[in-house]
Amino acid sequence: MSKPKEYSAYVVLNKKDAVTGAGISQNVQFKIYEDNGTDTGAVFNRNGDTYTSSVITTTTPGKGYYVKEVSTPSGYLADNNKYHFSISEGDSNAEKVIGNAGGGVFANQPYWVRIRIPKVDEETGKQITNQAVFTVTAENGRLSEQVTFQKQMDGSYLSFRVYFNETNAGRFYVQETKAPAGYYGDWANEGGSNTNKVKYAV
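Chains are numbered independently. Their residues run from 1 in the order of the written sequence. Side-chain atom pairs in this predicted model are given and counted only at pLDDT of 80 or more, local residue features only at pLDDT of at least 70, and totals for whole chains, interfaces and linings cover all residues. Values reported for side chains reflect all heavy atoms of the structure, with hydrogen atoms and water molecules removed beforehand.

Peer 1: Help me understand the environment of G155, please; the structure alone is not making it clear to me.
Peer 2: Labels follow the DSSP assignment, with helices taken as runs of H or I lasting at least four residues and strands as runs of E lasting at least two, numbered in each case from the N terminus. Relative to the assigned elements, G155 resides in the loop between β13 (149-151) and β14 (157-159). Here the alpha-carbon distance between G155 and G125, two residues 30 residues apart in the chain, equals 11 Å. Residues within four places of G155 in sequence aside, it is in contact with K119 and Q127. For this analysis, residues touch if any pair of their heavy atoms sits within 4.5 Å.

Structure representation (C-alpha cells):
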C-alpha cells in the first residue's frame, strides 16, 4: 500500500515596534492553528528579531492554517488577528512569510498617552494668549519620535502621542522651555533665568 504524499511548510516572521521599526527584545509567543482551530503544536525559535516555526506536514494539499500571537510584550497592544496561509500541492519545506505590516514584519503598536497642560495667569487665573513652548523628554532612554504640542481653544496645550518603547519604559518629563511673552517661565528661580527649569513627571 502506497504512503500518501506529504506537503510541508514553515512560518517566518520578524517582530518589530510599529512606531520606531526597532526590534522588541522581549520574547513573544506565537502558535499555528489549523483553520478549524486545532493547535498544530508547531514551535517557534527566535534568532534576533526573526521567529521561525518548526515544519508543519499535511497530506491534504491546500489545507489552511493561521498564525496568532498568544503573548504580547509588556508596553504593547495585543494583536488578536489571525494571519492565514495554506500549504499547497508541491510545497516541500516551503517558507511562508507572515506579517501584519508588510515584508514579513509582525509589528506591535506601543501604548501611548497625550499630555494636556492648562496654561493660565498665576494671579488672575485667566487664559494666557501668548504662546508657550513645552518639551517632553524620556526619564531614561529615548523618545520614539519628537513630541509637539497644539494650543487648544481653552488655552491649554495638548501633545501629540507620546509612545512607550523599551528604552524609555513609559516614563517621561515635561518642561516649559519658552515662557509666553510678558511672563516669567516656570523656573525654579524666578527673575527670568531659565537655567533651572522645573521638570514634571508624567
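On we go.
Peer 1: What am I meant to see in the sheet that holds strand β11 (residues 116-117) here?
Peer 2: Two orientations exist for strands paired in a sheet by backbone hydrogen bonds: parallel and antiparallel. If DSSP finds at least two bridges between two strands, the strands pair. Pairing within the open sheet is antiparallel, and its three strands lie in the order β11-β14-β13. Each edge of the sheet is formed by a strand with only one pairing partner; in this case those strands are β11 and β13. As paired strands, β11 and β14 are joined by two bridges and run antiparallel to one another. By the bridge assignment for β14, R116 is matched with L158.

Peer 1: Help me out: how do you make sense of the nonpolar core in this one?
Peer 2: Most often, soluble globular proteins keep nonpolar side chains buried together rather than apart. With 19 residues, the main nonpolar core has V11, L13, F30, I32, F44, V67 and F85 as its most contacted residues. When residues of this core are traced back to their parent elements, those giving at least two are β1 (7-17), β2 (30-34), β6 (63-69) and β7 (83-87). It is β1 that contributes the most residues to this core, four residues altogether. Joining through side-chain atoms within 4.5 Å is the link that ties buried Ala, Val, Leu, Ile, Met, Phe, Trp, Tyr and Cys residues into a set, and such a set is a nonpolar core. Whether a residue is buried, partly exposed or exposed follows from its accessible area with a 1.4 Å probe, protein chains only, as a fraction of its type maximum: under 20%, in between, or over 50%, in that order. With 13 residues, the next largest nonpolar core counts F134, F149, V162 and F172 among its residues.

Peer 1: Would you mind showing me how to read the pattern of salt bridges here?
Peer 2: Close approach of charged atoms allows side chains of opposite charge to pair. The term salt bridge refers to a pairing of a side-chain nitrogen on Lys or Arg with a carboxyl oxygen on Asp or Glu at a separation within 4 Å. Counted according to the given criterion, the structure contains eight salt bridges. Residue E34 pairs with K63 through a salt bridge whose shortest N-O separation is 3.4 Å. Separated by 29 residues along the polypeptide, E34 in strand β2 and K63 in strand β6 bring together distant segments of the chain. A single network of salt bridges, built from pairs that share partners, joins K16, R46 and D49.

Peer 1: Looking at this structure, how should I read the pairing of strand β3 (residues 44-47)?
Peer 2: Along a regular strand, successive side chains alternate from one face of the sheet to the other. Here four bridges tie β3 to strand β4 (residues 50-53), and the two strands are oriented antiparallel to one another. Residue pairing in the sheet places R46 in a bridge with Y51 of β4. Counted between consecutive antiparallel strands, the loop separating β3 from β4 contains two residues, among which G48 sits at a positive phi close to 70 degrees.

Peer 1: Looking at this structure, I do not really get the packing of aromatic side chains. What am I missing?
Peer 2: In this description, an aromatic ring pair is defined by two values, namely the gap between the centres and the angle between the planes. Ring geometry is summarised as follows: Phe, Tyr and Trp rings, the Trp one being its six-membered ring, pair when their centres sit within 6.5 Å, and such pairs are stacked at plane angles under 30 degrees, edge-to-face over 60 and tilted between the two. Counted according to the given criterion, the structure contains nine aromatic pairs. With centroids separated by 5.7 Å and ring planes inclined at 55 degrees, the aromatic side chains of F134 and F149 adopt a geometry described as tilted. Residue F134 is located in strand β12 (residues 133-138), and its partner F149 is located in strand β13; the two are separated by 15 residues in the primary sequence. When the centroid spacing of 5.1 Å and the interplanar angle of 65 degrees are considered together, the rings of F134 and Y157 count as edge-to-face. Of this pair, F134 sits in strand β12 while Y157 sits in strand β14, placing them 23 residues apart in sequence. For the pair formed by F134 and Y157, the shared burial category is buried. Taken together, the ring pairs in this structure connect F30, F44, Y51, Y83 and F106 into an aromatic cluster.

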